[in-house]
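Chain by chain, the residues:
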Amino acid sequence: MKLVQKELSDQEIIRLEKWKKLQEKGIEVFPHQAEKSHSVFEVVRDFYDLTREELEEKVYPVKVPGRIMAVRKMGRATFFHIADFRDRLQVYLREDIVGKENYELFELFDIGDVILVEGRLFRTRTGELTVLAEKFSFLAKSFHPLPEKWHGLQDVELRYRKRYLDLIMNPEAGETFLIRSQLIAKIRKFFDDRGFIEVETPMMQVIPGGALARPFKTFHNALGIDLYLRIAPELYLKRLIVGGMEKVYEINRNFRNEGVDSQHNPEFTMLEFYQAYINYHQLMDLTEELFLYLAREIHRKEELQYGDQSISFKRPWKRIKFREAILEYGGLSPARLDDEKAVLEMAANLAADSRSLTYSKALDVIFDKLVKDKIIQPTFIINPPKEISPLAKSDRENPEEAARFELVIAGMELANAFSELTDPFEQRERFEEQAAMRQKGDEESHLVDLDYVEALEYGLPPTGGEGIGIDRLTMIFTNQKSIREVILFPLLKPR
RNA sequence: GGCCCGUUAGCUCAAUAGGUAGAGCAGCGGACUCUUAAUCCGCGGGUUGAAGGUUCGAGUCCUUCACGGGUCACCA
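Bear in mind the structure is a predicted one, so any value in this text is a computation, not a measurement.

**Overview of the overall build of chain A**
Link 1 in the chain: The secondary structure content of chain A amounts to 17 helices and 18 strands.
Link 2 in the chain: Along the three orthogonal principal directions, the C-alpha set of chain A runs to about 85 × 55 × 45 Å.
Link 3 in the chain: Out of the 495 residues in chain A, the part that is buried amounts to 49%.
Link 4 in the chain: Within chain A, contacts between residues separated by at least 24 positions form 66% of all contacts whose residues are at least 6 apart in sequence.
Link 5 in the chain: Within the structure as shown, chain A displays about 25300 Å² of accessible surface, and the carbon and sulfur contribution to it stands at 50%.

**Considering helix α1 (residues 10-24)**
Link 1 in the chain: Here α1 contains 15 residues, and its C-alpha end-to-end distance of 21 Å stays within 8% of the 21 Å for a straight helix at 1.5 Å per residue.
Link 2 in the chain: All buried positions along α1 are accounted for by E12, R15, L16, K18, W19 and L22. One side of α1 holds all its buried residues, which, seen down the axis, span an arc of 155°. For α1, exposure combined with an orientation more than 90 degrees from the buried face picks out D10 and E24.
Link 3 in the chain: Immediately downstream of α1, the backbone of G26 shows phi near 75°, a positive value.

**Focus on the protein's contact with RNA strand B**
Link 1 in the chain: Near RNA strand B there are 57 residues, and of these T126, K149, E157, H264 and K369 occur at the shortest range.
Link 2 in the chain: Within 4 Å of the protein, atoms of RNA strand B come from sugar and phosphate in 59% of cases.
Link 3 in the chain: Measuring from a sugar or linking oxygen of RNA strand B, one finds a side-chain N or O atom of E157 at 2.4 Å.
Link 4 in the chain: Here a phosphate oxygen of RNA strand B sits 3.4 Å away from a polar atom, N or O, in the side chain of R484.
Link 5 in the chain: Within the residue set of the surface near RNA strand B, elements represented by two or more residues are α1, β1 (61-74), β2 (77-83), β3 (88-94) and α6 (156-161).
Link 6 in the chain: Classifying every residue of the surface near RNA strand B gives 19 nonpolar, 14 polar and 24 charged.

**So, the packing of aromatic side chains**
Link 1 in the chain: Counted by the stated rule, this structure contains 24 aromatic pairs.
Link 2 in the chain: The interplanar angle of 10° and the centroid separation of 3.9 Å between the aromatic rings of F109 and F138 together place this pair among those described as stacked. Taken together, the residues F109 in the loop between α5 (100-105) and β4 (114-123) and F138 in strand β5 (residues 129-140) connect sequence positions 29 residues apart.
Link 3 in the chain: Note on F190 and Y293: the rings are 5.5 Å apart at their centroids and 45° apart in plane angle, and the pair reads as tilted. With F190 in helix α8 (residues 171-193) and Y293 in helix α10 (residues 280-299), this residue pair connects regions lying 103 residues apart in the sequence. The burial state of F190 is the same as that of Y293; both residues are buried.
Link 4 in the chain: Taken together, the aromatic side chains of F190, F191, F196, Y249, F273 and Y293 make up a single cluster linked through ring pairs.
Link 5 in the chain: The aromatic ring of F41 is capped on one face by R86, whose charged end is 3.7 Å from the ring centroid.

**Topic: helix α17 (residues 470-478)**
Link 1 in the chain: With nine of nine residues buried, α17 is to be regarded as a mostly interior element.
Link 2 in the chain: What α17 keeps buried is the set I470, D471, R472, L473, T474, M475, I476, F477 and T478.
Link 3 in the chain: Downstream of α17 by one or two residues, N479 has phi in the positive range, about 55°.

**A short note on the packing of α8 against α17**
Link 1 in the chain: One can describe the packing of α8 onto α17 by two numbers: an axis separation of 10 Å at closest approach and a directional angle of 120°. By the angle between their axes, α8 is oblique relative to α17. In this structure, α8 meets α17 at a crossing whose hand is right-handed. Two secondary-structure elements touch here, α8 through T176, I179, R180, L183, I184 and I187 and α17 through I470, D471, L473, T474, F477 and T478.

So, how was this worked out
Starting afresh in each chain, residues are numbered from 1 along the sequence in its written order. Chains carry letters and ligands carry numbers; both start at the beginning, A for chains and 1 for ligands, and go up in the order they are written. For this predicted model, a pLDDT threshold of at least 70 governs which residues receive local features, and a threshold of 80 or more governs which side-chain atom pairs are given and counted, while totals over whole chains, interfaces and linings are taken from all residues. Hydrogen atoms and water are omitted, and side-chain values are computed over all heavy atoms in the structure. The numbering of helices and of strands both runs from the N terminus, where a helix is a DSSP run of H or I of at least 4 residues and a strand a run of E of at least 2. Partly exposed describes any residue whose relative accessible area lies between the buried limit of under 20% and the exposed limit of over 50%, with all areas from a 1.4 Å probe on protein chains only and scaled to the type maximum. A contact between two residues is defined here by any heavy atoms of the two lying within 4.5 Å. Methods summary: accessible areas were calculated by the Shrake-Rupley approach with a probe of 1.4 Å, and residue burial reflects only the protein chains presented. Working rule for helices: expected span equals 1.5 Å times residues minus one. In this description, one arc is meant: the one made by directions from the helix axis to the C-beta atoms. Working definition: residue near molecule or strand if any one of its non-hydrogen atoms lies within 4 Å of it. Identification of polar contacts relies on pairs of N or O atoms within 3.5 Å, with a donor-acceptor requirement for protein atoms, meaning one able to donate a hydrogen and the other able to accept it, and with residues adjacent in sequence counted only if both atoms are side-chain atoms. Basically, the charged four are Asp, Glu, Lys and Arg, the nonpolar ten are Ala, Val, Leu, Ile, Met, Phe, Trp, Tyr, Cys and Pro, and anything else, Gly included, counts as polar. Each aromatic pair joins two rings of Phe, Tyr and Trp (for Trp, the six-membered one) with centres within 6.5 Å, and gets the label stacked for planes under 30 degrees apart, edge-to-face for over 60, and tilted for any other angle. In this scheme, Lys NZ or Arg CZ marks a charge over a ring once it lies within 6 Å of the ring centre and within 35 degrees of the ring normal. With axes taken as lines fitted to C-alpha atoms, and helix axes fitted only over the stretch in contact, angles between N-to-C directions fall between 0 and 180 degrees. Relative orientations are named as follows: roughly parallel for angles under 35 degrees, roughly antiparallel for angles over 145 degrees, roughly perpendicular for angles from 65 to 115 degrees, and oblique for any other angle. Here is the rule for handedness: rotate from the far helix to the near one, and if that takes an anticlockwise turn smaller than a right angle the crossing is left-handed, while a clockwise turn gives right-handed.

Structure representation (structure tokens):
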């Protein structure tokens, strides 16, 4: 018997010795299954309201699995708690009930062991719902001591590397990931109820498209070809609209070979949905509905606390043109905004790499640096420059602007949506413009995807499409400031 | 990648000005049949992230490296 860790602490050696003793006694430590009646969470949920008298009148037998969390031994009686990732439940162990031999056996149980407790419910003098144990047995032995009971696991790195310890010790962690799960479930319900079809499209692509980002590259041995992990599902989802699927959505991972910070993880989860026959204005309405629905369903509120801000999803949300947002929040005069040279200069000072800057990209840089942070309440930023939107239709009134919006909440870009470009000839031109930029050294420009253009040549009806970052959405809904707090296993360098 | 901060017992943290590395929890032994950060008595536990350097003497000062956090850059 060897543990992964090479150098063992005294406590680990003691636990191994206890295991040995258990084997000598022929006690099953790692059984094949457990006859449970309730989880800890279910006991607390279902019996929380029963009074002491009700519990005395009628016997409520339970068989509950859980991890031993805190032991208070007082001679021939012991109190301890068992926990699952949502709740904890007190257990009362008495020598006169379980028998002397069994009571002494409890010495071989440690904090951290997973056990099954069988008994009846009662309330203690202080009123705490408690299992009066009649039997208890091992479900698994823990060979390592748990982190400190009061402070929990504080080391941020360890919390990410050993998320299981975070979940065992810190109830807030479990709560965060529960909300994440509920968000995704409710998003599915929202779209399913509206007749959308959930689909899955390739994660490995020959031409990574649908966004402006650098991809991860890999290689397929049998076919002998380079493949890329997808940066977005967009072009495939629109092929499905061509194929007549009127409303589709996908919730899945995207991969972008970029830096890591509190708002970016190399793999992240995106919702993308496409609906034929609608434009980006209708998408804004749908987006408002979706967020309001999620806030009501999950938090029973229309306003959420995020840091020291209160974010209101009450409709209607602010809609402001990209240009005007820069004027309003960026502190530029209209004259300065139209002065191409001045704008380029300003952006060059804000960006490290100013080689491939154009007027439109410069505006985007200024927006990112100076404007985005200042927008806290849900705000649609509409009609950004067409040049940075190669897959969107041009705006009807201003052909240099895109029929597109970005949704900003709490200084983060939450969503990006547009009236999809459906004209195959214009799409091809836009791809070629992007290719020209790539020639000039812009690695994030879009690659030409003629297979996609060919799909458009068969006829893509007018379509509205949108992407929503699920991780950032979860951050807003769980009041977390780092994306790593909402991803169970964020990318870390190996130890 | 740049800059700043952090890394000390299983965990959470101390260690004045460079002078014998400590506490709480956890663990071990003992007392205790309504405790809940249980209490009381006693005990053990350290390559101070790694490698160099300065010094009579380094957890502490210097250099390099590793990992993490924050921030800037790039991105969503």
